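Fold and geometry: a report
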Amino acid sequence: INSFIIPLSLSACILSIVTNLSQSFKLDHLPLFISNCAKKVLNVIFVVFFSIISLQGISSQAYDSVAIRVTKFSLSKYIPFLGGYLSTGFDYLYSGSVILKNTLGVAFLVLLLLITLPIIVRLIFIKWFSKLLSSISLFLENKPVSKMLDGVNSSVSLIITSIVGVVLSLVFFCLMIILSFNSLI
């Protein structure tokens, strides 16, 4: 996303500015085409990522369940006299690690939201402000400036979408990690 989507949206923004403010350089549909290509690539990236993470989360839970049951059985049956105590100790150790994992996962989610929320809010205000300026310039019958601000608005919207998509991907990935061992207790 950082090496493909962001440069595409910035190039669409620059082309939109140059096309609408210059009389000799007319490429009206190129910024829209570049923006649409970036949106399609972003959609494909997120669909593939969420599909792979979902499948890995489903399959890893089955493998982990089998591994934990085999470990508990091995501890209780193959170690004479102390197997039952070690199996119970393993249960306590496992429960403690799940609590620690959940606590760190929730702390990561809160920290992620605290870091990204101001950035997203700023970009949304920039988008709203450019939309307001576009409508004011359209009211003042300055169509090229209005079209240029609409192109900038489209590029900012694409950047907002990519940032929100990355944040949601991280949240989904962290939730898959948090919920992976919880059902095995």
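Quick caveat: nothing in here was measured; it's all calculated off a predicted structure.

Parameters at a glance
- Residues numbered from 1 in each chain as written.
- Predicted model: local features only at pLDDT ≥ 70, side-chain atom pairs only at ≥ 80, totals over all residues.
- Heavy atoms only, no water.
- Patch = residues over 30% accessible without salt bridge, like charges linked within 9 Å, V, L, I, M, F, W, Y side chains within 5 Å.
- Areas by Shrake-Rupley, 256 points an atom, 1.4 Å probe, with all protein chains shown as cover.
- Salt bridge = Lys/Arg side-chain N within 4 Å of Asp/Glu carboxyl O.
- Helix = DSSP H or I, 4+ residues; strand = E, 2+ residues; numbered from the N terminus.
- Buried < 20%, exposed > 50% of the residue type's maximum accessible area, 1.4 Å probe, protein only.
- Contact = heavy atoms within 4.5 Å.
- Phe/Tyr/Trp six-rings, centres within 6.5 Å; stacked < 30°, edge-to-face > 60°.
- Axes fitted to C-alpha atoms, helices over the stretch in contact; angles between N-to-C directions.
- Parallel < 35°, antiparallel > 145°, perpendicular 65-115°, else oblique.
- Nonpolar A, V, L, I, M, F, W, Y, C, P; charged D, E, K, R; others polar.
- Core = buried A, V, L, I, M, F, W, Y, C linked by side-chain atoms within 4.5 Å.
- 1 Å grid on protein atoms, 1.4 Å probe; cavity = no way out; pocket = protein on both sides within 12 Å on 5 of 7 lines; lining within 4 Å.
- Points joined across faces, edges and corners; volume = space filled by probe spheres on them.

On the surface, a cluster of nonpolar side chains totalling about 870 Å² of accessible area is made up of Phe 73, Tyr 78, Ile 79, Phe 81, Leu 82, Tyr 85 and Leu 86. Its place among the elements puts Phe 81 in the loop between α2 (30-78) and α3 (83-139). Relative accessible area serves as the criterion here: at 82%, Phe 81 is assigned to the exposed category.

Another point: the environment of His 29. Position of His 29 among the secondary structure elements: in the loop between α1 (5-21) and α2. Using a relative accessible area of 64% as the deciding quantity, one classes His 29 as exposed. Note: C-alpha distance between His 29 and Ser 16 (13 residues apart in sequence) is 9.0 Å.

The next subject is the side chain of Ser 130. Within the secondary structure, Ser 130 is located in helix α3. On the accessibility criterion, Ser 130 (6% relative accessible area) is buried. Ser 130 has contacts with Leu 149 and Asn 153, leaving out every residue within four places of it along the chain.

Turning to the packing of aromatic side chains, a few remarks are in order. A ring pair, where both rings are aromatic, is described by two values, the distance of the centres and the angle of the planes. Taken as a whole, this structure holds four aromatic pairs when the rule is applied. Ring geometry for Phe 49 against Phe 50: centres 5.7 Å apart, planes inclined by 65°, an arrangement best described as edge-to-face. Ring centres 5.7 Å apart and planes at 70° place the aromatic pair Phe 125 and Trp 128 in the edge-to-face group. Placement of both Phe 125 and Trp 128 in helix α3 is noted, with a separation of three residues, approximately one turn of the helix. Taking relative accessible area as the criterion, Trp 128 reaches 54% and is therefore assigned exposed.

To continue, consider the pattern of salt bridges. All told, the structure shown has one salt bridge when counted by the stated rule. A salt bridge links Lys 131 to Asp 150, with the shortest nitrogen-to-oxygen separation between them at 4.0 Å. Residue Lys 131 is located in helix α3, and its partner Asp 150 is located in helix α4 (residues 143-180); the two are separated by 19 residues in the primary sequence. Looking at Asp 150, the relative accessible area reads 34%, which means it is partly exposed.

Another point: the packing of α2 against α4. α4 packs onto α2 with a crossing angle of 5° between their chain directions and a minimal axis gap of 11 Å. In this view, α2 runs roughly parallel relative to α4, as classed from their interaxial angle. For the pair α2 and α4, contact is made by Ser 35, Ala 38, Lys 39, Leu 42, Phe 46, Phe 49, Phe 50, Ile 53, Ser 54, Gly 57, Ile 58 and Gln 61 and by Ser 154, Leu 158, Thr 161, Ser 162, Gly 165, Val 166, Leu 168, Ser 169, Phe 172, Phe 173, Met 176 and Ser 180, respectively. Residues of the contact of α2 with α4, tallied by class, amount to 13 nonpolar, ten polar and one charged.

Our next topic: the nonpolar core. Judged by nonpolar contacts, Ile 5, Leu 8, Ala 12, Leu 15, Ile 34, Ala 38, Leu 42, Phe 46 and Leu 158 together constitute the single largest core of nine residues. Elements with a contribution of two residues or more to this core: α1 and α2.

Moving on: the layout of surface pockets. Here the largest pocket defines a volume of roughly 240 Å³. The wall of the largest pocket is formed by 13 residues, among which Ser 16, Asp 28, Pro 31, Leu 32 and Gly 151 lie closest to the centre. For the lining of the largest pocket, the secondary structure elements donating two or more residues are α1, α2 and α4. Counting residues per element, the lining of the largest pocket draws most heavily on α4, which supplies five residues. Of the residues contributing to the lining of the largest pocket, the split by class is three nonpolar, seven polar and three charged.

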